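Below, each chain spelled out in residue letters.
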Amino acid sequence: MSSQVSLYSINSTLILDNEGKRIYAKYFKPPHGVLEDNSKLYNNDKNQKTFEKNLFAKTYKVGGDIILFENQVVVYKQYSDIIIYMIGGLEENESLLSTTLSGLTAALEIVLQNNIDQKSVQENYDLVALAIDETVDDGIILEYDPAVIASRVTNAPSQDIPSLKTIDLSEKGLLNAFQFARSKINEKLQQGL
Amino acid sequence: MSTLSYKKFEDIDSGSLPDKMTVFQDCLHAFNTSPVQAKRCRLLLSRLLRLLYLGDSFASQEATTLFFSISKLFQHKDSSLRQMVYLAIKELSVISEDVLMVTSSIMKDIQNGEAIYKPNAIRSLTRIVDASTVHATERLMKNCVVDRNPSITSATLVSSYHLLAVAKDVVKRWTNETQEAISATKTFPPQQFLTHENYGVNKLPSSTYVYQYHALGLLYHLRNHDKMALMKLINQLSNSNSPLRSPLAIVQLIRYIGQIIKDVPSYAQPLFPVLNNWLRNKSDMVELEAAKTILGISSFSSEQHLAAINCLQILLSVPRTVTRFAAVRILNKIAMKTPEKIVICNVELENLINDSNRSVSTYAITTLLKTGNSDNVDRLIKTILKFMNDISDEFKIVVIDAIRTLSLKFPEKYKTMLNFLNDCLRDDGGFVFKNAIVEALFDMIKFVPQSRDLALENLCEFIEDCEFTELAVRILHLLGNEGPKTTNPTLYIRHIYNRVVLENSIVRSSAVIALSKFALIGDESISKSIKILLSRCLNDVDDEVRDRAALSLKLITSFEELSSPDEKEKLKDFISPNTKYSLPVLEQKLSLYMQGDKESFIQSFDIKSVPTISDDEAKAYEFREKTRLLEEEANADVEQNKNRNTNGENNGYGAEDREESNQYIKNTVLQQQYSQELSAIPEFKNYGNLLHSSSVVELTEREIEFVVEVIKHVFEDHLVLQFNIENTLEESELNEVTVVSSPEADELYEEEFIMPIEKLKPQSKGTVYVSFTRPSGIELTSFTNTLSFISKEVDTTTGESFEGDEGFQDEYQIEELSLTPGDFIIPSFTGNFTHQWDELSKIEQSGVYNLSDSNDLQEIVQRLIRVLSMMPVDGSDIVTDSNSTTHVLKLFGKSILNSAKVACIIRLAANSSRGIMMKTQVRGEDEQLCEAIINGVA
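Predicted model only: the values in this text are computed from it and were never measured. (Residues numbered from 1 in each chain as written. Chains lettered and ligands numbered in written order. Predicted model: local features only at pLDDT ≥ 70, side-chain atom pairs only at ≥ 80, totals over all residues. Heavy atoms only, no water.)

Would you mind going over the overall build of chain A with me for this structure?
When its secondary structure is counted, chain A shows six helices and seven strands. In sequence order, the secondary structure elements of chain A are arranged as β-β-α-β-β-β-α-α-α-β-β-α-α. Taking all 193 residues of chain A together, 54% fall into the buried category. When contacts within chain A are restricted to residue pairs at least 6 apart in sequence, those whose partners lie at least 24 apart make up 52%. Put simply, chain A shows about 8800 Å² of open surface, and 52% of that area lies on carbon and sulfur atoms. (Helix = DSSP H or I, 4+ residues; strand = E, 2+ residues; numbered from the N terminus. Buried < 20%, exposed > 50% of the residue type's maximum accessible area, 1.4 Å probe, protein only. Contact = heavy atoms within 4.5 Å. Areas by Shrake-Rupley, 256 points an atom, 1.4 Å probe, with all protein chains shown as cover.)

Whenever I open this one, the overall build of chain B confuses me. Can you help?
What chain B contains, in helices and strands, is 37 helices and 18 strands. When burial is assessed residue by residue, chain B has 56% of its 938 residues classed as buried. For chain B, contacts bridging at least 24 residues in sequence account for 66% of all contacts bridging at least 6. Here chain B has roughly 41700 Å² of accessible surface; of this, 49% comes from carbon and sulfur atoms.

Is there a simple way to think about the sheet that holds strand β7 (residues 732–743) of chain B in this case?
Working definition: the strands of a sheet are paired by backbone hydrogen bonds and lie parallel or antiparallel to each other. Residues and elements named next belong to chain B. Ordered by their spatial adjacency, four strands build an open sheet running β9-β7-β11-β12, and the pairing between neighbours is antiparallel. The outermost strands of the open sheet, each flanked by one partner alone, are β9 (757–760) and β12 (808–818). On average, each strand axis in the sheet is tilted by 30 degrees relative to the strand beside it, whichever way the strands run. By the bridge criterion, ten bridges tie β7 to strand β11 (residues 782–793) in an arrangement that is antiparallel. Of the residues in β11, the one forming a bridge with Ser741 is Asn785. (Pairing = 2+ DSSP bridges. Axes fitted to C-alpha atoms, helices over the stretch in contact; angles between N-to-C directions.)

How do you make sense of the interface of chain A and chain B when you look at a structure like this?
Where interface size is quoted, it is often the accessible area lost as the parts come together. Listed by partner, the interface residues are 71 residues for chain A and 83 residues for chain B. Of the roughly 6900 Å² buried between chain A and chain B, counting both surfaces, carbon and sulfur atoms make up 56%. Of all residues in chain A, Leu7, His32 and Arg152 of chain A give up the largest surface area on contact with chain B, accounting jointly for 11% of the area buried on that side. Our count for the contact surface shared by chain A and chain B stands at twelve salt bridges. Arg123 of chain B is the salt-bridge partner of Glu134 of chain A, the closest N and O atoms lying 3.3 Å from each other. Viewed at the interface, chain B and chain A are joined by 32 residue pairs in polar contact (both at pLDDT 80 or more). (Buried area = accessible area lost by both parts, 1.4 Å probe. Salt bridge = Lys/Arg side-chain N within 4 Å of Asp/Glu carboxyl O. Polar contact = N/O pair within 3.5 Å; in protein donor to acceptor, adjacent residues only side chain to side chain.)

Looking at this model, I keep getting lost on the packing of aromatic side chains. Mind explaining?
Note on aromatic pairs: each is described by the distance of the centres and the angle between the planes. Residues and elements named next belong to chain B. Taken as a whole and judged by the stated rule, the model has 26 aromatic pairs over all chains. Each ring, one from Tyr86 and one from Tyr117, has its centre 6.4 Å from the other, and the planes form 35 degrees; the classification is tilted. Residue Tyr86 is found in helix α5 (residues 79–92), and its partner Tyr117 is found in the loop between α6 (103–112) and α7 (118–128); the two are separated by 31 residues along the sequence. A relative accessible area of 1% places Tyr86 in the buried class. Between Phe684 and Phe753, the ring centres sit 5.9 Å apart and the planes meet at 25 degrees, which makes this aromatic pair stacked. With Phe684 in the loop between α34 (653–679) and β3 (690–693) and Phe753 in strand β8 (residues 750–755), this residue pair connects regions lying 69 residues apart in the sequence. Residue classification places Phe753 among the partly exposed positions, given a relative accessible area of 23%. Here the aromatic cluster, defined as three or more aromatic residues joined through ring pairs, consists of Phe684, Tyr687, Phe715, Phe753 and Tyr769. Over the aromatic face of Phe58 sits the side chain of Lys20, whose NZ or CZ is 5.2 Å from the ring centroid. Above the ring of Tyr117, the side-chain terminus of Arg82 is found at 5.3 Å from the ring centroid. (Phe/Tyr/Trp six-rings, centres within 6.5 Å; stacked < 30°, edge-to-face > 60°. Lys NZ or Arg CZ within 6 Å of the ring centre and 35° of its normal.)

For this particular structure, what's the right way to read the pattern of salt bridges?
Between side chains of opposite charge, a pair can form as their charged atoms come close. With the rule as written, the count across this model stands at 36 salt bridges over all chains. Asp126 of chain A is the salt-bridge partner of Arg42 of chain B, the closest N and O atoms lying 3.0 Å from each other. Of this pair, Arg42 of chain B sits in helix α3 (residues 38–54) while Asp126 of chain A sits in helix α4 (residues 125–135), each in a different chain. Residue classification places Arg42 of chain B among the buried residues on the basis of a relative accessible area of 1%. A single network of salt bridges, built from pairs that share partners, joins Asp133, Glu134, Asp137, Asp138 and Arg152 of chain A together with Lys90, Arg123 and Arg127 of chain B.

How should the confidence of the model for chain B be read in this particular structure?
Close inspection of predicted coordinates is inappropriate for parts of the model with low pLDDT. Residue and element names in this part refer to chain B. Per-residue pLDDT for chain B has a mean of 80; in total, 89% of the residues score no lower than 70. The least confident element of chain B, judged by mean pLDDT, is helix α33 (residues 637–647) at 34; the most confident is helix α15 (residues 284–296) at 92. Note that pLDDT drops below 50 for residues 1–14; the model gives that stretch 13 contacts with residues more than four away or on any other chain. Contacts from residues 630–665, a stretch scored under 50 in pLDDT, to residues over four places away or in other chains number 72 contacts. Complex prediction metrics read pTM 0.63 and ipTM 0.83. (pLDDT = per-residue confidence, 0-100.)

Even after reading the chapter, I still don't get the packing of α15 of chain B against helix α16 (residues 302–315) of chain B, so can you show me in this structure?
Packed helix pairs are characterised by how far apart their axes lie and by the angle those axes make with each other. Residue and element names in this part refer to chain B. Between α15 and α16, the least distance of the axes is 9 Å, while the angle of their chain directions is 145 degrees. As α15 runs across α16, the sense of the crossing is left-handed. In contact with Asp284, Glu287, Leu288, Ala291, Ile294 and Leu295 of α15, α16 contributes Gln304, His305, Ala308, Ile309, Cys311, Leu312 and Leu315. (Left-handed = near helix turned anticlockwise from the far one by under 90°.)

Looking at this structure, how should I read a negative patch on the surface?
Among the surface-exposed residues, Asp746, Glu747, Glu750, Glu751 and Glu752 of chain B lie close enough to one another that they form a single negatively charged patch. As for its position among the elements, Asp746 of chain B is in the loop between β7 and β8. (Patch = residues over 30% accessible without salt bridge, like charges linked within 9 Å, V, L, I, M, F, W, Y side chains within 5 Å. Lys, Arg positive; Asp, Glu negative; His and termini not counted. Charge placed at Lys NZ, Arg CZ, Asp CG, Glu CD.)

What is the right way to look at unusual backbone geometry in this model?
Phi is mostly negative for residues that are not glycine, and the peptide bonds are mostly trans. With phi around 50 degrees, Gln113 of chain A is a residue other than glycine that occupies positive phi space. If you trace the backbone, Gln113 of chain A turns up in the loop between α2 (94–111) and α3 (118–123).

I'm lost on the nonpolar core in this one. Help?
Grouped together as the largest cluster of nonpolar side chains are 240 residues, with contacts concentrated most on Leu45, Ile261, Trp278, Ile400 and Phe420 of chain B. Counting 54 residues, the second-largest nonpolar core is a separate cluster that includes Leu864, Ile865, Leu891 and Val922 of chain B. (Core = buried A, V, L, I, M, F, W, Y, C linked by side-chain atoms within 4.5 Å.)

So what exactly am I meant to see when it comes to the packing of helix α24 (residues 452–464) of chain B against helix α25 (residues 469–482) of chain B here?
Residue and element names in this part refer to chain B. One can describe the packing of α24 onto α25 by two numbers: an axis separation of 10 Å at closest approach and a directional angle of 145 degrees. The chirality of how α24 crosses α25 is left-handed. On α25, the residues touching Arg452, Leu456, Leu459, Cys460, Phe462 and Ile463 of α24 are Leu471, Ala472, Ile475, Leu476, Leu478, Leu479 and Glu482. Residues that form the contact of α24 with α25 fall into these classes: eleven nonpolar, no polar and two charged. (Nonpolar A, V, L, I, M, F, W, Y, C, P; charged D, E, K, R; others polar.)

Just to check I follow, could you spell out α15 of chain B for this structure?
Note that an α-helix has 3.6 residues per turn; residues three or four places apart therefore point the same way. Between its first and last C-alpha atoms α15 of chain B spans 18 Å; for 13 residues at 1.5 Å apiece the expected length is 18 Å, and the two agree. Burial within α15 of chain B is extensive, with 13 of its 13 residues counted as buried. (Expected span 1.5 Å × (residues − 1).)

In this structure, what is going on with the sheet that holds strand β2 (residues 22–27) of chain A? I would like to understand it.
Residue and element names in this part refer to chain A. Pairing in this open sheet of five strands is antiparallel, and the strands run β2-β1-β5-β4-β3 from one edge to the other. Every interior strand has two partners, whereas the edge strands, β2 and β3 (66–69), have only one. Neighbouring strand axes in the sheet, compared pairwise and without regard to direction, differ in orientation by 20 degrees on average. In terms of strand pairing, strand β4 (residues 72–78) meets strand β5 (residues 82–89) through seven bridges, oriented antiparallel. Bridge pairing links Val75 to Met86 in β5. In this fold α4 packs onto β1 (10–17) and β2, with an angle of close to 25 degrees to the strand it touches most, β2.

I tried to follow the pairing of β3 of chain A on my own but got confused; where do I start?
Each regular strand carries side chains that alternate between the two faces of the sheet. Residues and elements named next belong to chain A. Note that β3 and β4 share four bridges and pair antiparallel. When the sheet's bridge partners are listed, Ile67 is paired in β4 with Val74. The hairpin turn running from β3 into β4, its antiparallel successor, is two residues long, and Glu70 in that turn takes a positive phi close to 45 degrees.

Any chance you could explain the environment of Ser206 of chain B here in plain terms?
Structurally, Ser206 of chain B can be placed in the loop between α10 (175–183) and α11 (210–222). In contact with Ser206 of chain B, not counting residues within four places along its chain, are Lys186, Thr187 and Phe188 of chain B.

Just to check I follow, could you spell out the confidence of the model for chain A for this structure?
Confidence in the prediction for chain A averages 82 pLDDT; 82% of positions are at 70 or higher. Counted against residues more than four places away or in other chains, residues 162–169 of chain A, with its pLDDT under 50, gives four contacts.

Mind showing me how you'd approach the environment of Tyr492 of chain B here?
Residue and element names in this part refer to chain B. Among the secondary structure elements, Tyr492 is positioned in helix α26 (residues 489–502). In this structure, the C-alpha to C-alpha distance between Tyr492 and Glu482, residues ten residues apart in sequence, is 9.9 Å. Non-local contacts of Tyr492, meaning those with residues more than four positions away in its chain, are made with Asp453, Leu456, Cys460, Leu479, Gly483, Thr486 and Phe518.

Below you can see the structure in the form of structure tokens.
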């Protein structure tokens, strides 16, 4: 498949902290196919880390939203202490990448209630992971409208039911207790008789 | 684990992450607990994913255990937990086994689950199924494609796209549903936007139509082979009432249009209005894609290209950085081939020089410089000089580099360039900046001979007040090499001796060496004064300076006393050597030597084993390298683009081109490697030195069952063809692989032996060598080649062939291979081609040809350079004006057999109806070689 007509347009999505350390890194590969140009980075942790380190050095605290780096187009957005990257092939439409990135970041702003920083990303990692998953599916852009991406991210369940088995207060638990009690009483009664 | 640390991580809002094993144990424990606690499990899943996204991986067994326990979470109905479960399944399915066990749970969700996690379920399903189980999902997938919810449709289409690689025939069954999806209008259900409180936008979209993009992408691959159906689709989607709403879908459609025009050039004109329409779209990405596509297709007329350039011109001044970047990048690419087209954008480009984004301003500068032609280059350089003070050092270097390449391109403009560089040299700047300027001046001295005196003078002035020792040393070295060749060497002697008086010991010692070189000119008075100057240095405080002065003095005196010219030459080599060692080979040899064990150190390193290269050769390599920069500029995308452009017209030409340029850098090392590989084979031991190895020639297409490449090795009396054969089949192995290669001129080239491959396993590579005796001169011929082998089927489980399978004999015709003149020539540089041409006037051959296979001058030029393996000189390898119908290519090289010089002037004239007329004139010291060129050039 030539890269020009393929839907696989995103090579990787990264979130790095203010020291260049990974917060989130996903290098995409078609789930069933073989990948072409990204292969040096896919599944090679060492190469990935060096790539991220060098990329960070090139982009951190340097103005701008786009850079060509190691034969890939990188669009990025900087927040107070993290940077979010969206990386595509050399021939990829830059504006398309940038639209996808801003879709993702705006969606994150919605689900994280306008607090995009290291702490909030780490504390709400589930929301972040889901948002990225709803934006890019193994390299294919799934959606780029921030509201739609955000609407597809579920919030965590509010409260767990206390897990002590003996005080199970759910309906079924009550019924169980009732039946247990009834059988016990029946037993006692029969013994008594 | 202590209770304490356990408690710490129980804090649900904590951002810190426990170690891998803790997470693993926690997950197993919690997921297997009944009833399922949704909130805790989602937190643990999120920790698990975080580990995976941070780069931690699990062993297959651990992953499988996790996967199994996660499947238990399907008991719980909470949709937010379920969504997380699907993400975890998706990520874990890559590393764990037995993933099929969750299929039924997922299928149930797709049928009856809630809308919020249904798309996630579909996307996970794709990772679970494989080619054999995908059939079971057919009905489900069809239903989901036509679902009214756009998210579900998108998820299904994207999943189908993933499945194309393994189950295209199954995916094909929902072609009609996919087609409908493109034109259908699907809207989000009303409860879509209730999950979060504030969506931050005023208007919530009722649909984003992104499913059109997915449907179109899928449909293209389903209909890929049917050009007519594709045209129908394009027509249907590109008219005024097209259902396409998503800009992504339009971008994709533009790419398909570009592709189909490349395949069938006659579609170009009918499709232009469509593309032209998209040059005025409200979305940047559509405009950019349309402009890029139009400019990438050479069959569009200049006016049509102009429309696209106008569009980009407007985009150059939008506030969005990414768009400006994309626009200037496309223009930069165009500037590479046809700079005159983008001159109209110069005003906008000049405004971008101070752009806040560095990449944008760099591109703007380099693009501007490329638009320079011999008419406007002076003005451009003046304009840029004005900006020089406003930009940072880093940028100045980019500019200097661009000027450097420009000066090689327009040697006649050397005065302007020198002035510019000289002005820069006087400005303040750090080492890297100054170094770039000095490098540029060095290049001009080397490759633009007429600029030498002026440039040397500039450098002399510079070292009078140079704070960087390293630069001073390099300049002194250059002065020592070039100074004696000038008309007025005494001028430089004064400058050099000043250094001896004023500088530190490092500079002083290099000045001493430089001085000694002037003594060789042969002028008595100069030699005398040099000796006086050197004897003064004998009293220097630094021992290195004293040593060098003493050595030089001794050499000079004995040089004068010697009478025999042979010995004089030898001595001369000590003072100013004509040849230098090939550094890459030296490095390789040394590292090999260092890797040896104790015993190998008994013998000292043999410097003679490192080939030396003469100055001319070194220059030739360097020049190629330098001019290549011009094409590469800030990145490699040009090359790729060039490849793509030419690919359609000429099979594999692009790939070969790239291979060649890559190879160029490693050429010497490669040659060395070949010669080592060959000498390791006993049969070739006594063949003597390897004279020349060709670049790799492909004899088959890249995508077929057996890929064959060949490398031609020329020895003194032998010719060895090295066939690299790759078996790309998965289920058969090849036995007794040979290549029957028969030369047309079989009386000249006699086959000696073939070294076959005994067994070529599936998906492996091997090498067949065929050796011929070679006549002493240069004889061109071509070889017809047939691949012959016994193929056996292989049991995929064991990887071995079935016992008792005798296989069947098969033959396979591959392309012809011709021995070209280039196989006997190495490129060589000359600073003064006209002079060489006049000198070689004794033997001249000429011929006129008509090349009908191509109309592109640049392409022909590249091909000629490759076929002849000669060095293009005077910048004649680039056809500067794309509209011109003529071009003169000048080539220079040396014979590998006797180092005879050979020069070529090739005049090309394009004639639209009859292809390209080519007149070739060859002059050289070896008549046979000239003849071979004339015969082999077309």
